[in-house]
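# Summary of the model geometry
Residue strings, one per chain:
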Amino acid sequence: VRALYTGCFATLCRDLQSTGIYFASYHWTKRRLAAHFGAGDGGDSAAAELLAGGLAGSLAWGSIVPFDVVKTRLQMQVDHAPDQRRYTGVAHCFRTVVREEGWRVLFRGTVPLLLRAFPTNAATFFVYEELKRQWDALDDAR
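So, here is what we can say about the structure in this document. Since the model is a prediction, treat every value here as computed from it, not as a measurement.

### Looking at the packing of helix α2 (residues 46-63) against helix α3 (residues 65-76)
- Between α2 and α3, whose axes approach to 5 Å, the crossing angle comes to 50°. In terms of their interaxial angle, α2 and α3 are classed as oblique. For the pair α2 and α3, contact is made by W61, G62 and S63 and by V65, P66 and F67, respectively.
- In the contact of α2 with α3, the residues fall into 4 nonpolar, 2 polar and no charged.

This is the structure in structure tokens:
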């Protein structure tokens, strides 16, 4: 049962800060871009929503790469007996990885991750905003 929770703390460290970056950067960027795309401050603009969503996803995902590397390393050792595991926790894993492989290993895979993050999150926020508009229109019709 304990193995099911391996990497839970590392995942928490990763997700807490990235979620804050994700939503804060989306809303801030959308408001700033809306005026440039003719929608006024905070108004609806497909271009602003797509660009803000893509940027928010890229910022959020880009900020978690080192945490994700540590989390994955911790989870990969779950098949080993506790006395045969290489890392004892998040800090130990981080120190060991940097000492043995250098700090660059913490950013391995960043480029493909960002290439995927921009379009995925642009579409996600655009669909969210469109569904919200549709829901509000249904609400107004009632």
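### What about the nonpolar core?
- A10, V65, V69, V70, L74, Y87, C93, V97, V105, L106 and L113 together form the largest nonpolar core, which totals 11 residues.
- Elements supplying a minimum of two residues to this core: α3 and α4 (90-101).
- Ranked by residue count, the leading element in this core is α3, at 4 residues.
- Ranked by size, the runner-up nonpolar core spans 8 residues in total, among them Y22, L33, A52 and F125.

### Side note on the environment of H80
- Assignment of secondary structure puts H80 in the loop between α3 and α4.
- Spatially, the C-alpha atoms of H80 and A3 are 10.0 Å apart, while their sequence positions differ by 77 residues.

### Description of a nonpolar patch on the surface
- Judged by side-chain polarity, F37, L51, L55 and F118 come together as a nonpolar surface patch covering roughly 310 Å² of accessible area.
- Following the sequence through the fold, F118 ends up in helix α5 (residues 110-141).
- The exposure class assigned to F118 is partly exposed, which follows from its relative accessible area of 31%.

### Thoughts on the pattern of salt bridges
- Counted by the stated rule, this structure contains 9 salt bridges.
- Connected via shared salt-bridge partners are R14, D15, D68 and K71.

### Overview of helix α1 (residues 8-36)
- Spanning 29 residues, α1 covers 42 Å between terminal C-alpha atoms, matching the ideal 42 Å at 1.5 Å per step.
- Buried within α1 are the following residues: A10, R14, S18, Y22, S25, Y26, T29, K30, L33 and A34.
- On its buried face, α1 sits against α2, α3, α4 and α5.
- Phi for G38, located one or two positions after α1, is positive at around 80°.

### A closer look at the packing of aromatic side chains
- This model, assessed by the stated rule, comprises 5 aromatic pairs.
- Considering the side-chain rings of Y22 and F23, the 5.0 Å spacing of their centres and the 70° angle between planes classify their relative orientation as edge-to-face.
- Owing to a relative accessible area of 16%, Y22 belongs among the buried residues under this scheme.
- Measuring from centroid to centroid gives 6.2 Å for W103 and F107, while their planes differ by 75°, and the two rings are edge-to-face.
- When its relative accessible area of 53% is taken as the criterion, W103 is described as exposed.
- What makes F107 partly exposed here is its relative accessible area of 40%.
- Among the aromatic residues, those joined into a ring-pair cluster are Y22, F23, Y26 and F125.
- Above the plane of the ring of W61 lies R116, whose end atom (NZ or CZ) is 4.9 Å from the centre.

What counts and how
Each residue is numbered by its place in its chain's sequence as written, counting from 1. The predicted nature of this model means local features are confined to residues of pLDDT at least 70 and side-chain atom pairs, given and counted, to a pLDDT of 80 or more, with totals for whole chains, interfaces and linings taken over all residues. Excluding hydrogens and water, the side-chain figures rest on all heavy atoms present in the structure. Lines are fitted to the C-alpha atoms to define the axes, a helix being fitted only along its stretch in contact, and any angle between axes, read from their N-to-C directions, falls within 0 to 180 degrees. Secondary structure follows DSSP: runs of H or I at least 4 residues long count as helices, runs of E at least 2 residues long count as strands, and numbering of each begins at the N terminus. Angle categories: roughly parallel below 35 degrees, roughly antiparallel above 145, roughly perpendicular from 65 to 115, and oblique for all the rest. A contact between two residues is defined here by any heavy atoms of the two lying within 4.5 Å. Under the convention adopted here, Pro, Cys and the residues Ala, Val, Leu, Ile, Met, Phe, Trp and Tyr are nonpolar, Asp, Glu, Lys and Arg are charged, and Gly plus all remaining residues are polar. Residues enter a nonpolar core if they are buried and are Ala, Val, Leu, Ile, Met, Phe, Trp, Tyr or Cys, with the set joined through side-chain atoms within 4.5 Å. Burial classes follow relative accessibility: with a 1.4 Å probe on protein chains only, a residue under 20% of its type's maximum area counts as buried, one over 50% as exposed, and anything between as partly exposed. To count toward a patch, a residue needs a relative accessible area over 30% and no salt bridge; like charges are then connected within 9 Å, while nonpolar side chains (Val, Leu, Ile, Met, Phe, Trp, Tyr) are connected within 5 Å. Each accessible area value is a Shrake-Rupley result obtained with a 1.4 Å probe; residue values ignore everything except the protein chains displayed when judging cover. By definition here, a salt bridge exists when the distance from a side-chain nitrogen of Lys or Arg to a carboxyl oxygen of Asp or Glu is within 4 Å. By this rule, a helix spans an expected 1.5 Å times one less than how many residues it contains. For Phe, Tyr and Trp, where Trp contributes only its six-membered ring, two rings pair if their centres lie within 6.5 Å, and the inter-plane angle classes them as stacked under 30 degrees, edge-to-face over 60, or tilted in between. Placement of a positive charge over a ring is assigned whenever Lys NZ or Arg CZ falls within 6 Å of the ring centre and within 35 degrees of the normal to the ring plane.

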